[in-house]
Each structure stands twice: as C-alpha cells, then as structure tokens.
Amino acid sequence: MERSAFEEQTVETVLTRPDVEQALIALIDRLPKIEQSLRRLEDAVDFGMATMKDESVKEKVDAAIDNSNIQIETLEAAIKLTEKLPMLLQVTNQLESMFSFVQDVYHDEQTKALIEQRIEEYAVPAKEKAEWTREMWTEVQQRVEQDDRHITLFSLMRWIKEPSVQHGLKYVQATVDVLNERTIKR
Amino acid sequence: MHYRIVIIGAGTGGISVAARLLREKHHLKDEILLIDPATTHYYQPLWTLVGAGIVKKEESARPMDSLIPDGAKWLQDHVTTFDPENNQVETSSHGKIQYDFLIVSPGIEIDWGRIKGLKESLGTKGVCSNYSYEHVDYTWDTLEKFTGGTALFTHPATPVKCGGAPQKIMYLAEEYLAKKGIRDSSRVVFGSANPAIFDVAKYRDALEIVLERKQIETHFRVNLTEIKADEKIAIFENLDSGESFEMSYDMIHVTPPMQAPAFVRNSSLADSGGWVDVDKYTLQHKQFKNVFGLGDCTNLPTSKTGAAIRKQAPVVVQNVLDAMYGHLPIASYDGYSSCPIVTGYGSLILAEFDYDKVPQESMPFNQAKERRSMYILKKDFLPIMYWNGMLKGTM
C-alpha cells in the first residue's frame with residue numbers, strides 16, 4: 001500500500017514551508033494581544049462562576065422569574081418572533097412610509113387645498129342634483145295638498161298621452177315582451 | 001467644496017434619491033448636494049390635462065426650495081463640465097465641486113430649434129405644445145377657438161419624455177370637438193415617427209380600437225421637419241422613403257424633438273448617442289464605478305417616465321450605499337415604466353410594462369380597458385402621491 005503525501009510530511013518539513021513560517025511569525029507577533037484577550041476571557045468566566053455561586057444573586061434571579069409571566073411558551077414565542085423579524089421589519093418599513101406620507105399630506109397646505117378643491121368638484125354636481133330632487137318633491141307635495149280634484153277616468157286618459165308616462169309604459173311593455181319570449185323558449 | 005454625494009438635477013430623480021438616501025442613512029445629513037439652476041419644480045404629467053382645459057397649470061408648479069429634503073443642500077447653479085477621473089464637477093458660478101459619489105439626473109433637453117419655424121411660431125397661429133409651461137395653456141385656447149378643419153398632432157423621431165403624451169392630447173381634443181358639435185367638420189390626424197401607436201402589444205391593440213372609434217387618421221414613420229405657420233402648412237419627412245411631403249392644418253400640436261442636455265452629451269459620461277451610459281440593471285456608470293444615473297438623461301432602453309424613475313430611485317440608493325460600504329451593487333432595475341394614457345374626459349388606459357415590453361400591471365384587473373377609475377387616479381391621486389410621497393422618498 002502506498003503512503004500518502006501527508007503521511008510523508010515531518011515536523012521539520014512542515015515548519016520549513018514558507019506559508020507556515022509566515023503564519024508562525026504573525027502568530028508570535030500577536031501573542032501579547034492573544035494573551036491579553038485570554039486573560040479578559042478568564043476574568044469573565046471567573047466573574048460568571050462567582051455570580052452563579054452567589055446565593056443572594058441566585059435568589060434574586062429565581063424571585064424575578066417566579067414573579068414574572070415568563071414561561072417556556074414565552075421563550076418559544078420569542079424565538080418564533082425572532083424568526084419573523086425580517087418580515088416584520090419589511091412591514092414596519094411600509095407602515096413607516098405610509099405614516100410619513102399621511103403626515104406630509106397633513107402638513108402640506110398646497111396639497112390640502114388641492115384635495116379640498118377636488119372634493120368640491122365631485123361634490124357640487126351631486127349636491128345640485130340632490131337640491132333639484134328635494135325642490136321637485138317639495139313642489140309636488142304642495143300641489144297634492146292644494147289639489148282637491150277627483151281623479152277621473154278622463155284624467156287617466158290624459159296622463160297616458162304625457163311623454164314621460166309614455167316613456168315609462170314603453171319600459172313596462174318591453175319588460176313584458178322579453179319575459180314572455182324567455183318563458184316560451186324554456 | 002467636497003460632498004460625500006453630489007446629485008446633478010433636482011427634478012423627479014434627484015429629489016427622490018436625495019430623500020431616500022437621507023431616510024436610509026441619517027448620518028448623510030449635510031453630506032448631499034443637489035445642483036440645479038431651476039427655481040421652480042414642475043409636475044409635468046399634469047400638462048396634458050392643462051392643455052385640455054381640465055386643470056390650471058399653476059397646480060403643476062412648486063418653488064424648488066420647498067421641495068429640497070431636510071438634510072440636503074441645494075446649489076442653484078449650472079454644471080458646465082464633468083471630470084469623473086478626478087471625482088469632480090465644474091459649475092458656472094461656484095467653481096469645482098468634489099464628490100465621493102456622483103448621481104446624474106438632470107432630465108432631458110427640448111430641442112425646439114430642430115423643427116424649422118417652430119420656435120418663432122409656438123404659442124401663435126394655432127401652433128401649440130404641451131411640452132412648455134409657458135405655452136401649455138395656449139393648447140386649450142386654440143381648442144376652444146377651433147371651429148373645424150384639420151387638427152394635427154405629431155410625435156418626433158427622438159426619445160421623448162412620456163411617450164404617450166403626444167397621443168393623449170389628441171384623444172382629449174377629439175372628444176372636445178365632438179362635445180362642441182364640430183367633430184363632423186374636423187379631421188383629426190396623427191403624424192408619428194414611430195412604426196405603431198404603442199410599443200407594447202396589449203396596449204397597442206386597445207389603442208387601435210380607440211383610434212378606430214374616434215376616426216383618427218394616422219401616418220406612421222413620418223417626422224415633422226418644418227412648420228410654415230403663416231400658411232398653416234406642416235412639412236414631414238417619410239422616414240422610410242426619405243421623401244418630404246406637406247400637410248395643411250388649422251391647428252397643430254407639436255411634440256418637439258428631445259436630447260440629453262449639452263453638458264451631459266459632451267462629457268465622458270455619455271455614450272455615442274449622448275445619453276449617460278449606465279448598466280441597465282444596476283444603474284451604475286459602465287466606466288466610472290462611483291457614478292450612477294437615473295431618469296430621462298440615461299441610455300436605459302425603456303420609456304422615459306416619472307413612473308420609471310419611481311422604480312429606479314430605490315435601486316440607485318441601494319447600490320450607492322452598497323458601493324459606499326465596499327459591497328458590490330446588486331440591486332436591480334427591471335425596466336419598469338408606466339404610461340397613463342388618457343383616452344378622453346374621464347377614461348384612461350394604464351399601461352405598465354418592463355424592458356421586454358411585457359405588461360407589469362399593478363391592479364387586479366385588465367388595465368388595457370379604458371376606465372374612469374384610472375382617470376381619477378391620474379387626475380386626483382397621482383399628483384398627491386408625487387408631491388407628498390415620491391419626492392419625500394416614501395413612494
């Protein structure tokens with residue numbers, strides 16, 4: 001069985017490789033900083049251990065958890081919420097943009113004047129029509145109240161000649177015709 | 001003078017990008033400079049409606065200083081030269097200004113002089129154009145005074161801002177003549193350098209039906225070259241045969257030829273056609289990586305509209321910020337553009353499409369159908385969305 005190139009390497013050959021040599025020099029150069037970092041890490045671990053061993057701290061933490069509503073479900077919800085953060089951020093950004101837009105419209109006098117003018121443009125014809133209808137019905141009502149005539153067959157005959165009545169009757173006639181035709185087809 | 005970001009042009013593109021950058025990165029406050037000589041900012045899409053007597057032209061104008069985003073600075077000056085090798089631009093009154101990033105968005109220039117006789121006759125003798133704030137209400141004056149004859153509308157052989165505008169005013173004019181009861185004694189003619197009424201098949205089919213219904217006479221692949229205003233004669237060139245021919249008119253609405261502004265055209269930022277040479281997806285300049293471009297001045301192969309800029313602005317902002325922090329710009333623009341084609345007093349086809357001329361409709365219904373709702377959207381809602389949303393960087 002052939003031995004691989006890796007197995008043929010010795011400590012000496014590896015150490016004499018330029019890239020390894022370079023890495024070693026860099027590592028040695030950074031040793032003081034690495035040593036400092038390790039000390040800080042050691043201090044932090046010591047502090048953590050001491051805190052955990054401190055009965056009064058443990059009691060305070062236990063009391064805080066007992067008095068809160070934090071349960072395992074809360075933690076699960078927190079994790080799920082974290083998962084949704086990217087989507088929530090997107091929604092928040094959109095809401096923020098909408099809010100800024102509404103706020104800008106609210107503070108823009110020119111836009112407010114424009115909106116007012118446009119509403120007026122649409123509202124005036126509708127208002128005029130409503131006014132016309134109201135006046136017409138008031139007049140109709142007044143005439144009905146003042147009219148003490150009896151409606152006779154002759155009056156009905158005269159009505160039929162009225163163009164507006166004729167127009168309405170044509171609709172009635174057309175509806176009856178269409179209904180008859182469709183019923184026959186069935 | 002040195003700024004982190006210099007933006008050339010405080011039009012739709014420039015202000016949108018400045019507002020978005022400041023919303024994204026508050027620390028860019030006082031680090032963004034907008035350079036534009038204009039003191040008034042116009043919402044030009046409204047001019048079609050001004051020409052048709054629907055809205056007053058004053059509604060389309062606001063003072064520039066009221067629109068500059070808080071945190072950005074505005075230099076009221078002309079840029080004379082670009083020097084991208086040294087990251088600086090030169091202005092006519094304030095000398096050289098250096099930048100880390102440059103965003104070029106000065107818009108498009110109208111070349112009134114390219115049509116012989118147009119400049120001197122515009123606004124008189126029945127020669128109108130909605131492309132000039134000064135003369136836009138003359139279109140309405142002319143329509144009101146029109147008593148019958150030939151109403152001629154043109155589209156030039158150059159890219160134009162809002163490619164649909166030349167035909168929108170024609171549809172409105174036709175309906176107005178019908179309302180006045182002089183449609184039967186009038187001939188409505190469209191002379192266009194384009195090969196068809198619209199580039200996108202879906203909307204082209206719909207507009208051909210509109211042309212048929214309105215009995216509008218069309219001449220495609222013809223380009224207006226001269227106006228003899230005293231004789232009321234327009235001279236066209238047939239773009240296929242090269243031959244010239246005359247057409248008499250009683251009123252003419254001219255869409256003038258357009259080009260990139262001279263200081264862009266003559267700079268090292270321009271391509272062979274004079275437009276700012278940017279990557280069609282990232283909007284980054286093809287040669288100078290700290291230069292970006294958007295809007296009508298660029299060589300993007302899509303329709304030049306405000307709606308296109310609305311989609312380009314966030315891409316430019318994302319890519320400028322990425323480049324600023326040493327990342328590759330990867331935000332991409334798909335060529336989206338939109339053209340609300342007004343087909344009458346109360347009807348509109350809302351065309352939306354991308355680089356491939358494929359419809360990209362925003363509404364849950366067929367937008368190729370003429371609708372009153374879309375007309376109301378253009379007339380009443382889009383101006384508010386523009387002033388209070390787009391220029392504030394929120395839409």
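None of these values were measured; they are calculated from a predicted model.

Definitions and limits used
- Residues numbered from 1 in each chain as written.
- Chains lettered and ligands numbered in written order.
- Predicted model: local features only at pLDDT ≥ 70, side-chain atom pairs only at ≥ 80, totals over all residues.
- Heavy atoms only, no water.
- Pairing = 2+ DSSP bridges.
- Helix = DSSP H or I, 4+ residues; strand = E, 2+ residues; numbered from the N terminus.
- Contact = heavy atoms within 4.5 Å.
- Axes fitted to C-alpha atoms, helices over the stretch in contact; angles between N-to-C directions.
- Domains from an automatic or database assignment.
- Buried area = accessible area lost by both parts, 1.4 Å probe.
- Expected span 1.5 Å × (residues − 1).
- Bend = angle between axes of the 7 residues up to and from the residue.
- Buried < 20%, exposed > 50% of the residue type's maximum accessible area, 1.4 Å probe, protein only.
- Polar contact = N/O pair within 3.5 Å; in protein donor to acceptor, adjacent residues only side chain to side chain.
- 1 Å grid on protein atoms, 1.4 Å probe; cavity = no way out; pocket = protein on both sides within 12 Å on 5 of 7 lines; lining within 4 Å.
- Points joined across faces, edges and corners; volume = space filled by probe spheres on them.
- Nonpolar A, V, L, I, M, F, W, Y, C, P; charged D, E, K, R; others polar.
- UniProt positions renumbered as here; feature names shortened; annotations may be inferred.
- Salt bridge = Lys/Arg side-chain N within 4 Å of Asp/Glu carboxyl O.
- Patch = residues over 30% accessible without salt bridge, like charges linked within 9 Å, V, L, I, M, F, W, Y side chains within 5 Å.
- Areas by Shrake-Rupley, 256 points an atom, 1.4 Å probe, with all protein chains shown as cover.
- pLDDT = per-residue confidence, 0-100.
- Disulfide = S-S within 2.5 Å.

Asks: Can you tell me about the sheet that holds strand 17 (residues 251-253) of chain B, naming the residues and giving the values?
Replies: All names here are of chain B. Strands sit in the order 10-17-11-12-13 across an open sheet of five strands; the sheet is parallel. Of all strands in the sheet, those with a lone pairing partner are strand 10 (127-128) and strand 13 (217-220), marking the two edges. Taken together, the seven bridges between strand 11 (residues 149-155) and strand 12 (residues 186-192) define a ladder with parallel strand orientation. Note that in strand 12 the partner of F153 across the bridge is F190. Lying over the sheet, helix 5 (residues 165-180) contacts strand 11, strand 12 and strand 17, oriented at roughly 175° with respect to strand 12.

Asks: Provide a residue-level description of the domain arrangement of chain B, including the pertinent values.
Replies: Interfaces are often sized by the amount of accessible area the parts lose when they come together. Residue and element names in this part refer to chain B. Per the domain assignment, the segments of chain B are domain 1 (2-108 + 260-333) and domain 2 (115-258). Just the C-alpha atoms count here: the centres of domain 1 and domain 2 sit 31 Å apart. Listed by partner, the interface residues are 19 residues for domain 1 and 20 residues for domain 2. At the boundary of domain 1 with domain 2, total buried surface from both sides reaches about 1,600 Å², with 66% on carbon and sulfur atoms.

Asks: Hey, could you go over helix 8 (residues 109-146) of chain A for me, with residue numbers and the actual values?
Replies: Between the first and last C-alpha of helix 8 of chain A there are 53 Å, a value that for 38 residues agrees with the 56 Å anticipated at 1.5 Å per step. Of all the bends found along helix 8 of chain A, the most pronounced is centred on A123 of chain A and spans about 30°, while P125 of chain A, a proline, follows it within four residues. For helix 8 of chain A, the full list of buried residues reads T111, L114 and R118 of chain A. Elements that come into contact with the buried residues of helix 8 of chain A comprise helix 7 (85-107) of chain A together with strand 4 (61-63) and helix 9 (372-389) of chain B. Two or three places before Q110 of chain A, at the opening of helix 8 of chain A, D108 of chain A has a side-chain oxygen 3.0 Å from that residue's backbone nitrogen.

Asks: Please give an account of empty space enclosed by the protein that cites residues and values.
Replies: Residues and elements named next belong to chain B. Under the criterion given, the structure shown has one cavity of 30 Å³ or more. Quantified by volume, the largest cavity comes out at close to 60 Å³. Considering the residues around the largest cavity, the lining is formed by G295, D296, T298, L300, T302, S303, K304, T305, A308, I309 and Q312. Here the residues of the lining of the largest cavity are counted per class, giving three nonpolar, six polar and two charged.

Asks: Quick one: what's the story with the UniProt feature "coiled-coil region" (unreviewed entry) in chain A, residue by residue and with numbers?
Replies: Within this structure's numbering, the places UniProt gives as "coiled-coil region" (unreviewed entry) are residues 58-85 of chain A. Structurally, residues 58-85 of chain A is divided into 82% helix and 0% strand, and its ends, taken at the C-alpha atoms, are 32 Å apart.

Asks: Provide a residue-level description of the interface of chain A and chain B, including the pertinent values.
Replies: Chain A puts 15 residues into the contact, and the matching count from chain B is 18 residues. Ranking the residues of chain A by area buried against chain B places F101, R118 and Y122 of chain A at the top, with a combined share of 41%. Seen at the junction of chain A and chain B, the total is five salt bridges. Residues K379 of chain B and E121 of chain A are paired through a salt bridge, measuring 3.1 Å at the closest nitrogen-oxygen approach. In this assembly, chain A and chain B are joined by 12 residue pairs in polar contact (both at pLDDT 80 or more). Listed by contribution, the elements that provide at least two residues to the side of chain A that touches chain B are helix 7 and helix 8 of chain A. Of the residues forming the side of chain A that touches chain B, the biggest block, eight residues, is contributed by helix 8 of chain A. When the residues that make up the side of chain A that touches chain B are grouped by side-chain class, the tally is five nonpolar, five polar and five charged.

Asks: Describe the domain arrangement of chain A, with residues and values.
Replies: Structurally, chain A comprises domain 1 (1-68), domain 2 (70-107), domain 3 (117-148) and domain 4 (150-186). Measuring from the centre of the C-alpha atoms in domain 1 of chain A to the corresponding centre in domain 2 of chain A gives 38 Å.

Asks: A description of a nonpolar patch on the surface should follow, citing residues and the corresponding values.
Replies: All names here are of chain A. Where nonpolar side chains cluster on the molecular surface, the patch consists of V11, L15, L24, L27, I28, L31, I34, L38, L41, V45 and M49 and spans about 1,000 Å² of accessible area. Those elements that provide at least two residues to the nonpolar patch are helix 2 (11-15), helix 3 (18-29) and helix 4 (31-53). A total of six residues in the nonpolar patch trace back to one element, the largest contributor, which is helix 4. Tracing the chain through its elements places V11 in helix 2.

Asks: So what about the sheet that holds strand 14 (residues 222-228) of chain B? Which residues, and what values?
Replies: Residues and elements named next belong to chain B. Read from one edge of the open sheet, three strands run 14-15-16, paired in antiparallel fashion. Whereas interior strands pair on both sides, the edge strands pair on one side only; in this sheet they are strand 14 and strand 16 (244-248). Each neighbouring strand pair of the sheet contributes to a mean axis angle of 30°, computed without reference to strand direction. Note: strand 15 (residues 233-238) against strand 16, five bridges, orientation antiparallel. In the sheet register, E237 faces strand 16, and the bridge partner there is S244.

Asks: Explain the confidence of the model for chain A to me, and be specific about the residues and the numbers.
Replies: Across chain A, the average pLDDT comes to 86, with 95% of residues at 70 or higher. When the elements of chain A are averaged for pLDDT, helix 1 (residues 5-8) of chain A gives the smallest value, 58, and helix 7 of chain A the largest, 91.

Asks: How would you sum up the side chain of T255 of chain B? Please name residues and give values.
Replies: For T255 of chain B, the location among the structural elements is in the loop between strand 17 and strand 18 (258-259). A polar contact is formed between the side chain of T255 of chain B and the backbone oxygen of T154 of chain B, at a distance of 3.0 Å.

Asks: Describe in detail the state of the cysteines, supporting the description with residues and values.
Replies: Residues and elements named next belong to chain B. Per the stated rule, a full pass over the model turns up zero disulfides over all chains. C128 carries a free sulfur, and the closest cysteine sulfur to it, the one in C162, is 18 Å from it. The class for C128 is buried, based on a relative accessible area of 1%. The thiol of C339 is unpaired, and the distance to the nearest cysteine sulfur, on C162, comes to 4.1 Å.

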